[in-house]
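Residue-level structure breakdown
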Amino acid sequence: MGSKMVHEVFIALGSNQGRRIHHLQRAVEALTCLSEGPVCCSSVYETTPVGYLEQPDFLNMVMSIQTSLEPLQLLQTLHEIEQNEGRVRAIQNGPRTLDLDILLYDNLSVCYQMLQIPHPRMWERGFVIIPLAELVPQRRGLGGVTLAEMAENLSESGVEYVGHIW
């Protein structure tokens, strides 16, 4: 019997409906239970919406977990966690109680119709890069630039520090 492979995964968490911090806390609890090793959470940030603008501001953060789930299995599990928090997919980029996105999965590149890793739009989004850079500042992204450098370049993008979940 072979041992199962455990992967380091970075997940973006966001909420702009209802008790936003409560939804993030519940997601952190669910992801902590899912993790097969240590977890790490960034700070929480408040951000203005991107895309569909007629909606409340978001609370965003990033979390790293350890999992043996393959990418599509993990995506399905994240969708179940979102649904447990009342997520309704009515408007693309619209209001949501909880949004969970796989940002990075080890150093893997994945391209399915319903899932791309690294997340294709993460590199230009301050609300993703700034909290991600807290967790892995020296990791390199597009063009070999560190996440810390990317975060510095996005520091004026309307991402406001709020605090920590715990």
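Residues numbered from 1 in each chain as written. Predicted model: local features only at pLDDT ≥ 70, side-chain atom pairs only at ≥ 80, totals over all residues. Heavy atoms only, no water.

**With respect to the overall build of the chain**
In terms of regular secondary structure, the chain is built from 4 helices and 8 strands. Starting at the N terminus, the α and β elements of the chain follow one another as β-α-β-β-β-α-β-β-β-α-α-β. Its C-alpha atoms give the chain a radius of gyration of 15 Å, near enough to 15 Å, the size a compact globule of 166 residues would have. Once the C-alpha set of the chain is aligned to its principal axes, its extents read approximately 50 × 35 × 35 Å. By the burial criterion, 48% of the 166 residues in the chain qualify as buried. (Helix = DSSP H or I, 4+ residues; strand = E, 2+ residues; numbered from the N terminus. Rg over C-alpha atoms; globule rule 2.2 N^0.38 Å. Buried < 20%, exposed > 50% of the residue type's maximum accessible area, 1.4 Å probe, protein only.)

**A word on the nonpolar core**
Counting 25 residues, the largest nonpolar core has L13, L31 and L100 as its most contacted members. Ignoring sequence-local partners within four residues, the contact set of L13 consists of L24, A27, V28, L31, L59, N60, M61, V62, M63, D99 and L100. The next biggest cluster of nonpolar side chains, apart from the first, holds 21 residues, and it includes Y45, I130, L135 and M150. (Core = buried A, V, L, I, M, F, W, Y, C linked by side-chain atoms within 4.5 Å. Contact = heavy atoms within 4.5 Å.)

**Quick notes on the pairing of strand β4 (residues 58-67)**
On a regular strand, each side chain points to the face opposite its neighbour's, so the side chains alternate between the two faces of the sheet. Across the 10 residues that make up β4, a large majority, 10, are buried. Of the two faces of β4, the one holding F58, N60, V62, S64 and Q66 and the one holding L59, M61, M63, I65 and T67 are both buried throughout. Pairing geometry for strand β1 (residues 7-15) and β4, over 9 bridges, is antiparallel. When the bridges of β4 are listed, A12 appears paired with V62. Pairing of strand β2 (residues 40-41) with β4 involves 2 bridges; the strand directions are antiparallel. Within β4, the position partnered with C40 by the bridge is S64. Sheet analysis places strand β3 (residues 44-47) next to β4, joined by 3 bridges and oriented antiparallel. (Pairing = 2+ DSSP bridges.)

**As for helix α1 (residues 20-34)**
With 15 residues, α1 should cover 21 Å at 1.5 Å per step; its first-to-last C-alpha distance of 21 Å lies within 8% of that length. Where α1 is concerned, the buried positions are H23, L24, A27, V28 and L31. The buried residues of α1 occupy an angular sector of 140° when projected down its axis, which confines them to one face. Each element contacted by the buried residues of α1 is listed here: β1, β2, β3, β4, α2 (71-84) and β5 (99-105). (Expected span 1.5 Å × (residues − 1). Arc of directions from axis to C-beta.)

**Here we look at helix α3 (residues 126-135)**
Among the 10 residues that make up α3, 9 are buried, leaving the element largely enclosed by the rest of the structure. Those residues of α3 that are buried are in contact with β1, β2, β3, β4, β5 and α4 (147-153).

**Re the pattern of salt bridges**
For the structure shown, the criterion picks out 4 salt bridges. Across the pair K4 and E36 runs a salt bridge, and its minimum N-O distance is 3.5 Å. Of the two residues, K4 sits in the segment before β1 while E36 sits in the loop between α1 and β2, which places them 32 residues apart along the sequence. The exposure class assigned to K4 is exposed, which follows from its relative accessible area of 59%. A salt bridge links R26 to E85, with the nearest nitrogen and oxygen atoms 2.6 Å apart. One end of the pair, R26, is in helix α1; the other, E85, is in the loop between α2 and β5, with 59 residues separating them in the sequence. (Salt bridge = Lys/Arg side-chain N within 4 Å of Asp/Glu carboxyl O.)

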